[in-house]
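What follows is each chain in one-letter form.
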Amino acid sequence: VAEVDVRTRRVDPNPVGAEAQIKSTVAGDEQEIDAVLSAGYWGAVAAGNLKGRDALPAGVIAGGFDLDQSMINNILDGQTDFTVAQDPYSQGYMNVPLAWIYLERGMEMKSMEWGVSVWDESNIEFADERRNWQDLQDWQEGNCADTLQ
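Figured I'd write up the structure that's included with this text.

Some words on helix H2 (residues 41-52)
Here is step 1: When the terminal C-alpha atoms of H2 are compared, their 16 Å separation across 12 residues agrees well with the 16 Å that a helix rising 1.5 Å per residue should span.
Here is step 2: The set of residues buried in H2 consists of Gly43, Ala44, Val45, Ala46, Ala47, Gly48, Asn49 and Leu50.
Here is step 3: Taken together, the buried residues of H2 touch helix H1 (15-26), strand S1 (35-38), strand S2 (61-65) and helix H3 (69-76).
Here is step 4: Once H2 finishes, Asp54 follows within two positions and takes phi at roughly 55°, a positive value.

Written as structure tokens, this is what we have:
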């Protein structure tokens, strides 16, 4: 098993500030950097922006967590490589009736997607279509204007 050198740094929740912090952390590093991963979308978006401007070493992977629209856009643009997103419906709601069915009826579930999904260039267009709230709002205003007031 190869040794892995992991460094953590709290970055500014604003992608512009995070870019500067990531760039200064990576600059002058003698060791090869394989990836910049962020627990929040802003760090992954910032790393993707830096990749897009060739401000990170070639081959560095930029990834993170959350399915914010700016993360979706960065993956669509080929800058951020991936994100791990949550589905609160599957994480919170679905497990309650499944637990009840098991406890009350003794029916075990065969398998269940627990609400975590990985999004990259192969499937991000679906996420973009699904999460486009402006289209939904426009549709509602065009089709339900009388009931929304």
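Overview of the packing of H2 against H3
Here is step 1: As a packed pair, H2 and H3 sit with axes 9 Å apart at the nearest point and diverge in direction by 25°. By the angle class used here, H2 and H3 are roughly parallel. Considering the relative orientation of H2 and H3, their crossing is left-handed. Residues Tyr41, Ala44, Val45, Gly48 and Asn49 of H2 lie in contact with H3, whose contacting residues are Ser70, Met71 and Asn74.
Here is step 2: Looking at the contact of H2 with H3 residue by residue, the classes come out as 4 nonpolar, 4 polar and no charged.

A few points about unusual backbone geometry
Here is step 1: For Asp54, which is not glycine, the phi torsion reads 55° and is therefore positive.
Here is step 2: Of note, Asp54 is situated in the loop between H2 and S2.
Here is step 3: On the basis of relative accessible area, Asp54 is assigned to the exposed category, the value being 70%.
Here is step 4: In this structure, Asp66 takes a positive phi of about 110° despite not being glycine.
Here is step 5: Tracing the chain through its elements places Asp66 in the loop between S2 and H3.

Considering the layout of surface pockets
Here is step 1: Roughly 830 Å³ of volume is contained in the largest pocket.
Here is step 2: Along its surface, the largest pocket is lined by 26 residues, and Arg7, Thr8, Ala35, Val36 and Leu37 are the ones closest to its centre.
Here is step 3: Among the secondary structure elements, those contributing two or more residues to the lining of the largest pocket are H1, S1 and H2.
Here is step 4: Tallied by class, the residues present in the lining of the largest pocket amount to 11 nonpolar, 7 polar and 8 charged.

Scoring rules and cut-offs
Residues numbered from 1 in each chain as written. Predicted model: local features only at pLDDT ≥ 70, side-chain atom pairs only at ≥ 80, totals over all residues. Heavy atoms only, no water. Helix = DSSP H or I, 4+ residues; strand = E, 2+ residues; numbered from the N terminus. Expected span 1.5 Å × (residues − 1). Buried < 20%, exposed > 50% of the residue type's maximum accessible area, 1.4 Å probe, protein only. Contact = heavy atoms within 4.5 Å. Axes fitted to C-alpha atoms, helices over the stretch in contact; angles between N-to-C directions. Parallel < 35°, antiparallel > 145°, perpendicular 65-115°, else oblique. Left-handed = near helix turned anticlockwise from the far one by under 90°. Nonpolar A, V, L, I, M, F, W, Y, C, P; charged D, E, K, R; others polar. 1 Å grid on protein atoms, 1.4 Å probe; cavity = no way out; pocket = protein on both sides within 12 Å on 5 of 7 lines; lining within 4 Å. Points joined across faces, edges and corners; volume = space filled by probe spheres on them.

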